[in-house]
Amino acid sequence: MDTSEKNSNFSEGVSRRNLFDTLGRVSAGLAATSLIAQQVRAAPPPETKSEGLENFKFDIENQTGWVGDAGSAKEATVAEFPVSQSIAGVSMRLQPGAIRELHWHALAAEWAYMLKGRCRTTVISPNGQAEITDFEEGDTWYFPRGHGHALQGLGPGETHFILGFDNGHFSEFGTFGITDWIAHTAPHILSRNLGLPESAFERFPKKEIYIGPGKVPGAALDAFRNGDLENSQSAHKYRLDKQTPRILEGGEERIVTQREFPIQSSLTAVKMDLKPGALREMHWHPHADEWQYYVKGRSKVTIFGSHARVKTEEFGPGHVAFIKQGYGHYIEQIGDEPTTLLILFNSPNYEEISLSNWLGGNPAALLYDHFGLSKDQMDRLPMKEIGIMGRRS
Ligand code: MN
Ligand code: MN
């Protein structure tokens, strides 16, 4: 037993000073550990100290964000959602033909999941390879940090996607845009570098456009301006919804690590579908933070942050959750409509420890003494990972 953990757990009921005094008086024949066990049993149930846990819920779709004629963007960075240090999110909408202009992100790689409509992207890599790709609902993209890219809505209707960045301090409104750079570069430099007379730049945008109007391109992908350019040899697109899901009693999940999507070198993405009444079992992730975006349906998430601290929040469409690395958690599906959520981890590989697996990996005798269970009760404890449990009537 890790006594330091135990001490803090029952420090509510037994002060450290009292424990120390008692330990001093104990007879030599009584082991300190069994005394601690008695003290734990005598102590009242631990209080829930939720005030000690940071807020882990944010309503991204309820923000105003950036709004223009051609599109909009709402974001959740540490400025809006302080707990999300390692991952930032953006909900972006583009009208048909609208262009999220040529830009790059100095501080973060960009992941996206297409919720609605279609989108065309271009990207350039430092090795000189380029790619033009179309995306539809259920597709994801990944652009490594610093790689130049652009997006265009293809319609019909509004294109909507969720962007995830592997840095919570990133802001979509603080990216490096091509119009911003050109607008703030001396005309004689532009003339020399880009081969046009200085007068040509008088018609260029005077400040960053960010999202501007454009014409919907034809169905066929246009060629690169430079016909000699090599196509990207590492795909930036992964069709998440086309992956064969892992089917579990209470739902299904699709997990995309760097193994399935090699360019996705800093994130793991998951799409999780929960049936009504499902329970995503108690577990934690030893090496990564977890960022969630709720697409549809409702669920309650409870986190455990050690020292008797637990906190529950309810989530629905447009809500973001953030669960820090190593924090215990579970998801209870609620309501009649199934729940769909997108999940990002700030690691290219996936790791999880479930309570069920853990209990299966210990001797029964240890657990008898630990929990005070009967043989029958012990036999009913789960022994291996359940994942997502179905409804219990
Ligand atoms: Mn971008
Ligand atoms: Mn989790």
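Whatever comes next refers back to the structure up there.
Here we summarise the structure given alongside this text. (Residues numbered from 1 in each chain as written. Chains lettered and ligands numbered in written order. Predicted model: local features only at pLDDT ≥ 70, side-chain atom pairs only at ≥ 80, totals over all residues. Heavy atoms only, no water.)

## Focus: the overall build of the chain
Defined as follows: Helix and strand definitions follow DSSP, with helices as H or I runs of at least four residues and strands as E runs of at least two, each counted in order from the N terminus. The cut-offs for exposure are 20% and 50% of the maximum accessible area for each residue type, with area from a 1.4 Å probe on protein chains only; residues under the lower value are buried, those over the upper are exposed, and the others partly exposed. Throughout, a contact is declared for two residues whenever any of their heavy atoms are within 4.5 Å. Methods summary: accessible areas were calculated by the Shrake-Rupley approach with a probe of 1.4 Å, and residue burial reflects only the protein chains presented.
Helix and strand counts for the chain come out as eight helices and 26 strands. A buried classification covers 44% of the 393 residues belonging to the chain. Considering only contacts in the chain between residues 6 or more positions apart, those separated by 24 or more positions represent 76%. When the accessible surface of the chain is summed, it comes to about 20000 Å², and 53% of that surface belongs to carbon and sulfur atoms.

## A word on the layout of surface pockets
Put simply, the test is: Cavity and pocket criteria rest on a 1 Å grid covering protein atoms alone: a 1.4 Å probe that fits but cannot get out defines a cavity, protein on both sides within 12 Å along at least 5 of 7 lines defines an open pocket, and an atom within 4 Å of a point defines a lining residue. Grid points are joined across faces, edges and corners, and a volume is the space filled by probe spheres set on the points. Residues are grouped as follows: Ala, Val, Leu, Ile, Met, Phe, Trp, Tyr, Cys and Pro are nonpolar; Asp, Glu, Lys and Arg are charged; every other residue, Gly included, is polar.
Computed from the structure, the second largest pocket encloses a volume of approximately 1400 Å³. What lines the second largest pocket is a set of 38 residues, among which Leu-102, Thr-122, Ala-150, Ile-178 and Arg-225 lie closest to the centre. In the lining of the second largest pocket, the residues fall into 23 nonpolar, ten polar and five charged.

## A closer look at empty space enclosed by the protein
Scanning the entire structure with this criterion turns up one cavity of 30 Å³ or more. When its volume is computed, the largest cavity comes out at roughly 50 Å³. Looking at the largest cavity, the residues that line it are Glu-253, Ile-255, Val-270, Met-272, Arg-280, His-283, His-285, Glu-290, Ile-331, Ile-343, Phe-345 and Tyr-350. Each residue belonging to the lining of the largest cavity can be placed in one class, and the counts come to seven nonpolar, two polar and three charged.

## So, the nonpolar core
Applicable threshold: Side-chain atoms within 4.5 Å link the members of a nonpolar core, which is a set of buried Ala, Val, Leu, Ile, Met, Phe, Trp, Tyr and Cys residues. An automatic or database domain assignment supplies the start and end points of every domain.
Within the largest apolar cluster, 25 residues are counted, with the highest numbers of intra-cluster contacts made by Trp-111, Tyr-142, Trp-291, Tyr-293, Val-320 and Leu-344. At three residues, strand β6 (residues 110-116) tops the list of elements feeding residues into this core. Two domains share this core, each providing at least three of its residues, namely domain 1 (57-238) and domain 2 (243-389). Not counting residues up to four positions away in its chain, the partners in contact with Trp-291 are Ile-87, Ala-88, Gly-89, Ile-162, Val-320, Ala-321, Phe-322, Leu-342, Ile-343 and Leu-344.

## Section: the sheet that holds strand β4 (residues 88-94)
Here is the rule we go by: In this scheme, strands are said to pair when DSSP sees at least two bridges between them.
Here we have seven strands laid out as an open sheet, ordered β2-β3-β4-β11-β6-β9-β14, and antiparallel in their pairing. Among the strands making up the open sheet, the edge pair consists of β2 (66-67) and β14 (237-238). Across seven bridges, the pairing between β4 and strand β11 (residues 159-165) is antiparallel. When the bridges of β11 are listed, Met-92 appears paired with Phe-161.

## Thoughts on the packing of aromatic side chains
Formally: Each pair of aromatic rings taken from Phe, Tyr and Trp, with Trp reduced to its six-membered ring, is defined by centres within 6.5 Å and is described as stacked if the planes are under 30 degrees apart, edge-to-face if over 60, and tilted in the remaining cases.
Following the criterion strictly, the structure yields 14 aromatic pairs and no others. Relative to Phe-315, the ring of Phe-56 lies with its centre 5.8 Å away and its plane at 50°, an arrangement referred to as tilted. Of this pair, Phe-56 sits in the loop between α3 (32-42) and β1 (57-59) while Phe-315 sits in strand β21 (residues 310-315), placing them 259 residues apart in sequence. For Phe-315, a relative accessible area of 1% gives the class buried. Aromatic pair Trp-104 and Phe-176: ring centres 5.1 Å apart, planes at 20°, arrangement stacked. Highlighted residues: Trp-104 in strand β5 (residues 99-104) and Phe-176 in strand β12 (residues 176-177), separated in sequence by 72 residues. Accessibility expressed as a relative area gives 27% for Trp-104, which makes it partly exposed.

## Section: the coordination of the manganese ion (ligand 1)
Going by this rule: Think of the donor list as every N, O and S atom within 2.8 Å of the metal, or within 3.2 Å for Na, K and Ca; water never makes the list, so a site can look incomplete.
Each protein donor to the manganese ion (ligand 1) is listed here as His-103 (NE2), His-105 (NE2), Glu-110 (OE) and His-149 (NE2); together their distances run 1.9 to 2.2 Å. Linear spacing of the donor residues for the manganese ion (ligand 1) on their chain is H-x1-H-x4-E-x38-H. The exposure class assigned to His-103 is buried, which follows from its relative accessible area of 3%. For His-105, a relative accessible area of 2% gives the class buried.

## Topic: the pattern of salt bridges
Selection rule: Whenever Lys or Arg places a side-chain nitrogen within 4 Å of a carboxyl oxygen from Asp or Glu, that contact is recorded as a salt bridge.
Under the criterion given, the structure shown has 19 salt bridges. We note a salt bridge from Asp-139 to Arg-239, for which the minimum N-O separation is 2.8 Å. With Asp-139 in the loop between β8 (130-135) and β9 (140-143) and Arg-239 in the loop between β14 and β15 (246-248), the pair connects residues that are 100 residues apart, well separated along the chain. Between Glu-260 and Arg-259 there is a salt bridge, and its shortest N-O distance comes to 3.8 Å. Judged by its relative accessible area of 72%, Arg-259 is exposed. Look at the salt bridges and you will find they share partners, linking Glu-61, Lys-74, Arg-93 and Glu-158 into a network.

## Examining the coordination of the manganese ion (ligand 2)
Note on the manganese ion (ligand 2): its protein donors are His-283 (NE2), His-285 (NE2), Glu-290 (OE) and His-329 (NE2). The metal-donor distances range over 2.1 to 2.2 Å. Coordination of the manganese ion (ligand 2) draws on donor residues from a single chain, spaced H-x1-H-x4-E-x38-H in sequence. Here His-285, found in the loop between β18 (279-284) and β19 (290-296), pairs with His-329, found in strand β23 (residues 328-334); they are 44 residues apart in sequence, far enough to count as distant.

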